[in-house]
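Listed below, chain by chain, are the residues.
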Amino acid sequence: MRLYPIRRLQLDGDIPMNCYVLDRNGKCFIIDPGYQKELIQDYVKQEGLEVIGILLTHAHIDHIEALDCFDVPVYLHELEYQILMDDSLNGFGYFGKEKAYNIHSLDIRTITEETKLYIDDYEISVILTPGHTIGGVCYKIGHDLYVGDTLFEGGVGRWDRPTANLDQLKKSVIQLIDEQADHMVIHPGHGRSSTIGTEKQINPFYHEWKRELIHSI
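The residue count restarts for each chain, going from 1 along the sequence in the order it is written. In keeping with the predicted nature of the model, local features appear solely for residues at pLDDT of at least 70, side-chain atom pairs appear and are counted solely at 80 or more, and the whole-chain, interface and lining totals rest on all residues. To obtain the side-chain values, all non-hydrogen atoms of the structure were included, while hydrogens and water were left out.

### Side note on unusual backbone geometry
Here is step 1: A positive phi angle, near 60°, is found at D32, a position not held by glycine.
Here is step 2: For the purposes of this entry, the term helix denotes a DSSP run of H or I that reaches at least four residues, the term strand denotes a run of E that reaches at least two, and both are numbered from the N terminus. Structurally, D32 is set in the loop between β3 (27-31) and α1 (37-47).
Here is step 3: On the basis of relative accessible area, D32 is assigned to the buried category, the value being 2%.
Here is step 4: Backbone geometry places Q36, a non-glycine residue, at a positive phi of 55°.
Here is step 5: Structurally, Q36 can be placed in the loop between β3 and α1. Accessible area is worked out with a 1.4 Å probe on protein chains only. A residue is then buried under 20% of its type maximum, exposed over 50%, and partly exposed in between.

### A short note on a nonpolar patch on the surface
Here is step 1: Nonpolar side chains (Val, Leu, Ile, Met, Phe, Trp, Tyr) within 5 Å and like charges within 9 Å form the patches, drawn only from residues with over 30% relative accessible area and no salt bridge. Shrake-Rupley sampling with a 1.4 Å probe provides the accessible areas, and residues are treated as covered by the protein chains on show and by no other component. Salt bridge, as used here, is a side-chain nitrogen of Lys or Arg placed within 4 Å of a carboxyl oxygen of Asp or Glu. On the surface, a cluster of nonpolar side chains totalling about 310 Å² of accessible area is made up of I15, Y94 and F95.
Here is step 2: Tracing the sequence through the fold places F95 in the loop between α4 (87-90) and β6 (108-111).

### Section: the sheet that holds strand β9 (residues 137-141)
Here is step 1: Taken together, the six strands give an open sheet; going across it, the order is β7-β8-β9-β10-β13-β14, and neighbouring strands pair in mixed fashion. Each edge of the sheet is formed by a strand with only one pairing partner; in this case those strands are β7 (116-119) and β14 (194-195).
Here is step 2: Following DSSP output, two strands are said to pair if at least two bridges run between them. Pairing between β9 and strand β10 (residues 144-148): three bridges, direction antiparallel. Bridge pairing in β10 links I141 to D144.

Right under this line is the structure:
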């Protein structure tokens, strides 16, 4: 299987984050355009890529502030739609900000875990991983997992935000690590990339929550 380089843009804002440009054969999706719209646009132009869509792992402010960077369809899970549309849930209210774009003018398309997305001839699978938010997802293509704020290198997403749920997060993290192959590379919304195998070995949340699950059976 051919290995594709990971295009990661480290964007600065209220919460520094990772935006990814997922490309195949000159076409690309933007994953989580958090901040710095012009930087994203300039990068895509310099690389000569054609943007065919925007993928949201979830709809928190640090993942959507530059959502209007390209006039293309925006995909997010149907359960996450309410967060995108409600500034009291997505963080714009928390930070006292207003969106720099009209959300109603964007082409928002809801997806489910049954949805199959394609970039050229490559399939992108949707994995529902609620917990950090009610409709958070991971996107899987080849050996890469774009995990948003569900899982980090040695950590997990917060569960103290609106629509977050610790029990759901525990289940999502355990299932993601247990069901995906060890060689799968995870690309989180913040921090460094890791692998499923590494997290199975070193992630303290996974170890604690797995022990809880085993003892509850």
